[in-house]
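A closer look at the structure
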Amino acid sequence: MNAPLPKNRSAPAFDVARIREDFPILKLKVHDQPLVYLDNAATSQMPQQVIDRLVRYQTTQHANIHRAVHYLSETATAEYADARRKLQKFIHAREDREVIFTSGTTDSINLVMHAYGRKFIGAGDEIILTTLEHHSNIVPWQMLAEERGAKIRVVPINDDGELLIDEYEKLFNEHTRFVGVTHVSNALGSINPVKRMIAFAHERGVPVLVDGAQAAPHMPIDVVDLDCDFYAFSGHKQCGPTGIGILYGKAALLERMQPFKGGGDMILSVTFEKTTYSTIPHKFEAGTPPIAAAIGFGAAVDYLSAIGMDRIAAHELELLNHATEQMQGLSGVRIVGNARSKAAVLSFVIDGIHPHDVGTLLNQEGVAVRTGHHCAQPVMQRYGIPATSRASFAFYNSLSEVDALIAGIRKVQKVFA
Amino acid sequence: MADPRTLYQEVILDHNRKPRNYGVLEHPSHHAEGVNPLCGDHITVALDVAGETVAGIAFQGESCAICKASASMMTAAIKGKTRAEAEILIQEFLDMATGKRDLGQLSHIGRLTVFAGVRELPMRVKCAILPWHTLHAAFHSVASVSTEADADPMPAPIGNG
Ligand SMILES: Cc1ncc(COP(=O)(O)O)c(C=O)c1O
């Protein structure tokens with residue numbers, strides 16, 4: 001088991017080999033080569049501690065929650081509530097009722113669109129999004145805009161993949177009602193200055209949703225310090241199960257919002273004349289939630305916190321810097337996205353070789369990368385390319401895996417030479 | 001699992017580097033555009049059909065090596081064939097790439113067997129077959145096809161061969 005690691009800076013060097021032992025899947029071989037898993041922005045792998053937690057829940061604690069007075073139901077209810085508090089602490093929220101369990105980032109954003117957007121955004125209103133958004137923070141707002149006759153304004157980026165903050169500020173006018181911005185770009189790795197953007201929006205009374213899907217797994221998050229109104233992320237991108245995520249929302253806002261889904265568990269009383277909704281967060285958690293997944297998510301953030309998010313960020317920066325340096329040394333390879341502030345995502349294109357061919361040939365070397373548009377077509381359009389190859393790192397990746405990627409790219413170039 | 005490097009053989013790499021019949025036709029009698037929205041590949045196929053014979057064929061577009069080589073070899077194979085012969089070849093290629101028929105059951109496929117390896121790479125099958133769907137669409141003067149959603153040509157019956 002993992003002893004909590006000391007927090008201070010003079011702590012022993014980050015022991016990747018030790019950490020990798022927690023992840024059974026990393027022992028796999030692919031095409032007789034050790035698996036080099038560099039598709040962490042799509043989904044991350046699960047440590048034994050989280051797997052064990054899921055097994056323990058399922059073998060000794062499972063029942064429906066909030067329903068019965070028997071032992072198992074009380075246990076499951078308590079564990080589910082405990083998972084919520086773990087998530088609250090992980091993002092430093094003030095209260096646990098500000099954390100709503102959803103099925104993931106996409107579901108969280110859709111919840112805000114329906115529960116906040118459909119109540120407060122109308123004809124002629126404007127929603128500000130950025131070029132860097134994942135489709136899941138674009139499409140729901142387009143649906144709302146179409147339904148309500150609202151308008152979407154888009155913050156542009158420069159060639160390095162950084163948001164143009166002057167342009168962002170110029171987009172505000174008396175019609176601006178909402179801002180949606182990704183904390184970290186999944187396609188380019190750019191870390192956006194969300195704190196500053198939120199402060200600017202708040203001076204104009206505009207609430208801000210931050211898509212944290214690519215940030216929460218890689219850096220410490222403090223929603224109170226950011227002062228964001230909503231913050232969304234997914235369990236499966238940070239060592240937890242699929243099918244679970246959270247929406248953080250400020251209590252005062254959540255209370256003013258309308259429920260999104262109706263059903264059991266979200267009501268105080270129901271008669272055919274009138275239904276009284278429950279309090280937050282239950283108002284937004286209709287039906288039986290993915291209890292096991294929520295508890296697994298709680299175990300995942302415990303695992304990450306024991307290592308320390310600041311140490312995770314530092315190790316990943318080392319991986320990024322090493323990979324960037326190595327890749328810059330390869331002729332015919334161009335990195336797409338060179339933001340000064342960047343998470344460990346490396347999108348690249350190779351002269352004369354389509355990303356799909358790169359992905360297939362790297363897979364032969366055991367190296368798993370993602371190729372395609374990464375659900376961020378506006379970013380691809382901005383660079384005039386249909387797709388990139390993307391290596392995205394996690395704290396359990398090692399410097400030698402970066403070298404395996406670079407060696408793999410050399411081999412791909414040789415095949416096409 | 002087959003070694004995908006066997007897919008990236010010299011023939012395919014050569015057609016990728018120097019695609020045959022790449023470009024446009026002055027006055028095509030038929031043409032169609034094919035896209036694979038998942039990867040952004042898109043190609044156009046233009047035909048000059050005189051009577052029953054494909055007198056001219058050209059393709060253009062942006063795609064991976066598998067798609068481009070498939071298109072290049074397709075145009076070389078189709079040129080001079082009758083429409084009926086072309087439809088048989090389309091069907092054989094699709095059946096080969098999707099693993100519906102074994103190589104032994106295919107009698108017209110010839111050098112195109114270099115693409116048989118894609119059946120081991122489910123994510124790449126669509127790359128290889130996109131040009132062939134687009135050719136089929138061109139014969140039937142369907143302006144555009146897609147490998148996804150409602151417009152997915154895969155389940156559609158191809159020709160009558
Ligand atoms: C920035 C960003 N937002 C949202 C999502 C969607 O997450 P999920 O599919 O877990 O809902 C992703 C996942 O790729 C992402 O990278």
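Because the structure is a prediction, the values reported are computed rather than measured.

Moving on to the sheet that holds strand β14 (residues 345-350) of chain A. Residues and elements named next belong to chain A. An order of β13-β14-β17-β16 is seen for the four strands of this open sheet, with the pairing classed as antiparallel. Edge positions in the sheet fall to β13 (333-336) and β16 (370-372), since each of these pairs with one other strand and no more. Sheet twist, expressed as the average angle between the axes of neighbouring strands with direction ignored, equals 30°. Judged from the four bridges that link them, β14 and strand β17 (residues 388-392) form a sheet pairing that is antiparallel. If you follow S347 over to β17, its bridge partner there is R390.

Residue and element names in this part refer to chain A. With respect to spatial proximity, the complete set of residues near the ligand consists of T105, T106, H134, S136, T182, N186, D211, A213, Q214, S234, H236 and K237. T106 places a side-chain nitrogen or oxygen 2.5 Å from an oxygen atom of the ligand. The fraction of the free accessible surface of the ligand (400 Å²) that becomes covered by protein chains is 85%. Within the shell around the ligand, the residues separate by chemical class into one nonpolar, nine polar and two charged.

All right, on to the packing of helix α2 (residues 65-78) of chain B against helix α4 (residues 125-139) of chain B then. Residues and elements named next belong to chain B. At their nearest, the axes of α2 and α4 sit 7 Å apart, and the two run at 40° to each other. On the basis of the axis angle, α2 is oblique to α4. The handedness of the crossing between α2 and α4 comes out as right-handed. Facing α2, whose interface residues are I66, C67, S70, A71, M74 and I78, α4 presents C127, A128, L130, P131, W132 and L135. Per-class residue counts for the contact of α2 with α4 are eleven nonpolar, one polar and no charged.

With that out of the way, let us pick up the domain arrangement of chain A. Residue and element names in this part refer to chain A. Once the domains are mapped, chain A shows domain 1 (16-47 + 308-416) and domain 2 (51-306). The centre of domain 1, based on its C-alpha atoms, is set 28 Å off from the matching centre of domain 2. Counting from both sides, the interface comprises 40 residues of domain 1 and, opposite them, 38 residues of domain 2. Counting the surface lost from both domain 1 and domain 2, the interface buries some 3200 Å², and carbon and sulfur atoms represent 55% of this. Taken as a group, M46, M309 and R382 account for 20% of the area that domain 1 buries against domain 2, more than any other trio of residues on that side. A salt bridge links D159 to R382; the nearest nitrogen and oxygen atoms lie 2.9 Å apart. Seen at the junction of domain 1 and domain 2, the total is 29 residue pairs in polar contact (both at pLDDT 80 or more). At the level of elements, α11 (309-328), β14 and α13 (377-383) are the ones that each hand at least two residues to the side of domain 1 that touches domain 2.

What follows is about the sheet that holds strand β4 (residues 99-102) of chain A. Sheets are built from strands paired through backbone hydrogen bonds, the pairs being either parallel or antiparallel. Residues and elements named next belong to chain A. Across the sheet, seven strands lie side by side as β4-β10-β9-β8-β7-β5-β6; this open sheet has mixed pairing. Of all the strands in the sheet, just β4 and β6 (151-155) have a single pairing partner and so form its edges. Taken pair by pair, the neighbouring strands of this sheet meet at an average axis angle of 20°, ignoring direction. Strands β5 (126-130), β6, β7 (176-182) and β8 (208-211) of the sheet are contacted by helix α5 (residues 139-148), whose axis makes an angle of about 145° with β6.

Here the focus is helix α12 (residues 355-364) of chain A. Burial within α12 of chain A is extensive, with nine of its ten residues counted as buried. Just past α12 of chain A, the residue G366 of chain A takes up positive phi, approximately 85°.

Taken together, the contacts link 15 residues of chain A with 21 residues of chain B. The contact between chain A and chain B buries some 1400 Å² in all, and 57% of this surface belongs to carbon and sulfur atoms. Together, H356, T360 and Q364 of chain A form the three largest contributors to the area buried by chain A at its contact with chain B, with a combined 31%. Our count for the contact surface shared by chain A and chain B stands at one salt bridge. Across the pair D357 of chain A and R124 of chain B runs a salt bridge, and its minimum N-O distance is 2.9 Å. Inspection of the region where chain A meets chain B yields seven residue pairs in polar contact (both at pLDDT 80 or more).

Below, the discussion takes up the packing of aromatic side chains. Residue and element names in this part refer to chain A. According to the stated counting rule, one finds 21 aromatic pairs over all chains in the structure shown. An angle of 80° between the planes, with centres 6.0 Å apart, marks the rings of F233 and F297 as edge-to-face. Of this pair, F233 sits in strand β9 (residues 230-234) while F297 sits in helix α10 (residues 291-307), and the two are 64 residues apart along the sequence. Each member of the pair, F233 as well as F297, carries the same accessibility label: buried.

All right, on to the packing of helix α2 (residues 48-60) of chain A against α10 of chain A then. Residue and element names in this part refer to chain A. Two elements in contact, α2 and α10, have axes separated by 9 Å at closest approach and are oriented at 145°. For the crossing formed where α2 meets α10, the hand is right-handed. Here α2 contributes Q49, V50, R53, L54, Y57 and Q58 to the contact with α10, which in turn contributes I291, A292, I295, G296, A299, A300 and Y303.

As enumerated under the stated definition, the model contains 30 salt bridges over all chains in all. Of the charged contacts, one joins D95 of chain B and R101 of chain B as a salt bridge, the two residues approaching to 2.8 Å between their closest N and O atoms. What makes R101 of chain B partly exposed here is its relative accessible area of 24%. Among the ionic contacts, a cluster of salt bridges with common partners joins D82, R85, K86 and D302 of chain A.

The rules behind these values
- Residues numbered from 1 in each chain as written.
- Chains lettered and ligands numbered in written order.
- Predicted model: local features only at pLDDT ≥ 70, side-chain atom pairs only at ≥ 80, totals over all residues.
- Heavy atoms only, no water.
- Pairing = 2+ DSSP bridges.
- Helix = DSSP H or I, 4+ residues; strand = E, 2+ residues; numbered from the N terminus.
- Axes fitted to C-alpha atoms, helices over the stretch in contact; angles between N-to-C directions.
- Near = heavy atom within 4 Å.
- Polar contact = N/O pair within 3.5 Å; in protein donor to acceptor, adjacent residues only side chain to side chain.
- Areas by Shrake-Rupley, 256 points an atom, 1.4 Å probe, with all protein chains shown as cover.
- Nonpolar A, V, L, I, M, F, W, Y, C, P; charged D, E, K, R; others polar.
- Parallel < 35°, antiparallel > 145°, perpendicular 65-115°, else oblique.
- Left-handed = near helix turned anticlockwise from the far one by under 90°.
- Contact = heavy atoms within 4.5 Å.
- Domains from an automatic or database assignment.
- Buried area = accessible area lost by both parts, 1.4 Å probe.
- Salt bridge = Lys/Arg side-chain N within 4 Å of Asp/Glu carboxyl O.
- Buried < 20%, exposed > 50% of the residue type's maximum accessible area, 1.4 Å probe, protein only.
- Phe/Tyr/Trp six-rings, centres within 6.5 Å; stacked < 30°, edge-to-face > 60°.

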